[in-house]
Amino acid sequence: MPAVTADYLQLPRLDGPPSGAIERPLLSVTTAPTGLEGEGFPVHRAFAGVSRALLDPFVHMDQMGAVQYAPGEPKGTPWHPHRGFETVTYMIDGRFQHQDSHGGGGMIENGATQWMTAGSGILHIETPPEDLVMSGGLFHGVQLWVNLPAKKKMIPPAYQGIEAAAVELAVSADAGALVRVIAGEIGGHRGPGSTHTPITLIHATVSPGARLQLPWVRSLNALIYVLAGDGRVGTQGRPLRDGQLAVLGQGDWFEVRADDHQDSRSPALELLILGGRPIREAVAAYGPFVMNTETELGQALEDFEAGLFGQIPPDALMPYVPDPAPVRIEHTGI
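Residues numbered from 1 in each chain as written. Predicted model: local features only at pLDDT ≥ 70, side-chain atom pairs only at ≥ 80, totals over all residues. Heavy atoms only, no water.

Draft legend 1. Spotlight on the pairing of strand 3 (residues 41-45). Both strand 2 (residues 34-37) and strand 3 contribute to a ladder of four bridges, which runs antiparallel. The partner of Glu37 across the bridge, within strand 3, is Phe41. Examined bridge by bridge, strand 3 and strand 4 (residues 58-69) share three bridges and lie antiparallel to one another. Note on strand 4: the bridge partner recorded for His44 is Gln63. (Pairing = 2+ DSSP bridges. Helix = DSSP H or I, 4+ residues; strand = E, 2+ residues; numbered from the N terminus.)

Draft legend 2. Summary view of the sheet that holds strand 21 (residues 238-241). Strand order in this open sheet of four strands is 18-23-20-21, and the pairing throughout is antiparallel. Where the open sheet ends on each side, the last strands, each with one partner, are strand 18 (211-215) and strand 21. Strand-to-strand, the axes of this sheet are offset by a mean angle of 30°, without reference to chain direction. Bridge count between strand 20 (residues 230-233) and strand 23 (residues 253-258): three bridges; the pairing is antiparallel. Residue pairing in the sheet places Val233 in a bridge with Val256 of strand 23. (Axes fitted to C-alpha atoms, helices over the stretch in contact; angles between N-to-C directions.)

Draft legend 3. Region of the structure containing the layout of surface pockets. Of the voids in this model, the largest pocket is the one considered here, and its volume is about 530 Å³. If you go around the largest pocket, you meet 24 residues; those closest to its centre are Ala66, Leu227, Ala228, Arg265 and Ser266. The set of elements that each furnish at least two residues to the lining of the largest pocket consists of strand 3, strand 4, strand 11 (137-147) and strand 19 (222-228). Here the element with the most residues in the lining of the largest pocket is strand 4; it accounts for four residues. (1 Å grid on protein atoms, 1.4 Å probe; cavity = no way out; pocket = protein on both sides within 12 Å on 5 of 7 lines; lining within 4 Å. Points joined across faces, edges and corners; volume = space filled by probe spheres on them.)

Draft legend 4. The sheet that holds strand 6 (residues 85-93), seen in detail. In space, the seven strands of this open sheet follow the order 2-3-4-11-6-9-12, with antiparallel pairing throughout. Unpaired on one side and paired on the other, strand 2 and strand 12 (158-162) mark the two borders of the sheet. Strand-to-strand, the axes of this sheet are offset by a mean angle of 25°, without reference to chain direction. Sheet analysis places strand 4 next to strand 11, joined by ten bridges and oriented antiparallel. Looking across to strand 11, one finds that Gly65 is bridged to His140.

Draft legend 5. Unusual backbone geometry, seen in detail. In this structure, the amide linkage connecting Asp56 to the following residue, Pro57, adopts the cis form with an omega of 20°. Along the chain, Pro57 turns up in the loop between helix 1 (52-55) and strand 4. Geometrically, the link from Gly65 to Ala66 is a cis peptide bond, its omega value of 0° lying close to zero. Here Asn110, not a glycine, exhibits a phi torsion of approximately 40°, which is positive. On the secondary structure map, Asn110 appears in the loop between strand 8 (105-109) and strand 9 (113-117). Despite not being glycine, Ala175 shows a phi value in the positive range, around 60°.

Put into structure tokens, the structure is as follows:
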């Protein structure tokens, strides 16, 4: 799991919690069920079983993989619409190509992030490139849906590509954890992501036995998802393992500790940590649309069918499908 590595000793350190700061309590731990997305790639449904009120402003999150594809197996999504929110695709291992109906696009790979504002409506595709389909390989990433408030749901679509080198890096106070700030701010370290809804998004790698203590803006909620490894959350040491989501309550800081011994599949505890300022508006979601009312959902479907989300470009990117192997016929000489 490379996704941006660094010499920890050369990076700034995050301060521990100040005197009198309140630790965020643990509210729940849930385990993500598995499913299939797009053309059939495996995902973990990270938010399954969690109240939408606790997730707000986040709507949906899939951990894509990790999976080691054989040649010909990598899959993505076909062209599809979105309206009313932002999609964030963070690639940890492997590559995805993106193209949309408003001119956005590019390759997302090894620590890069695609931030797409669907706004009033957009069509897009995410698919592995031809060479990856042919060779197979490791594929691992996350897609997060961030809601937009009612006053911004119909803003013009936009796209920002955040390369791995642009991510802000810091280390924990004990220098045992690497923190990659993709969006928002942690201890004075601000990530490059530009967001309509105030959020913080980080990927942290915690070495065995190390402790990560993070200050957290009080107005944001706090969610910790384990991408890989085993650890414990909070000073009470609640066990937390890969595929589990911890939801924290109100406070000024929290901590996560990596177990001294990790599973052979992951040398460290890998965490996606996110928080957002709740929008506190009604949510009506259907498939690729996230609006405030059922009427708005119906309008979104009508607008999509009327071609108001833009057009698929003439030279559009399409999923690569390898040619089937020729069938060999044996003649028995009857």
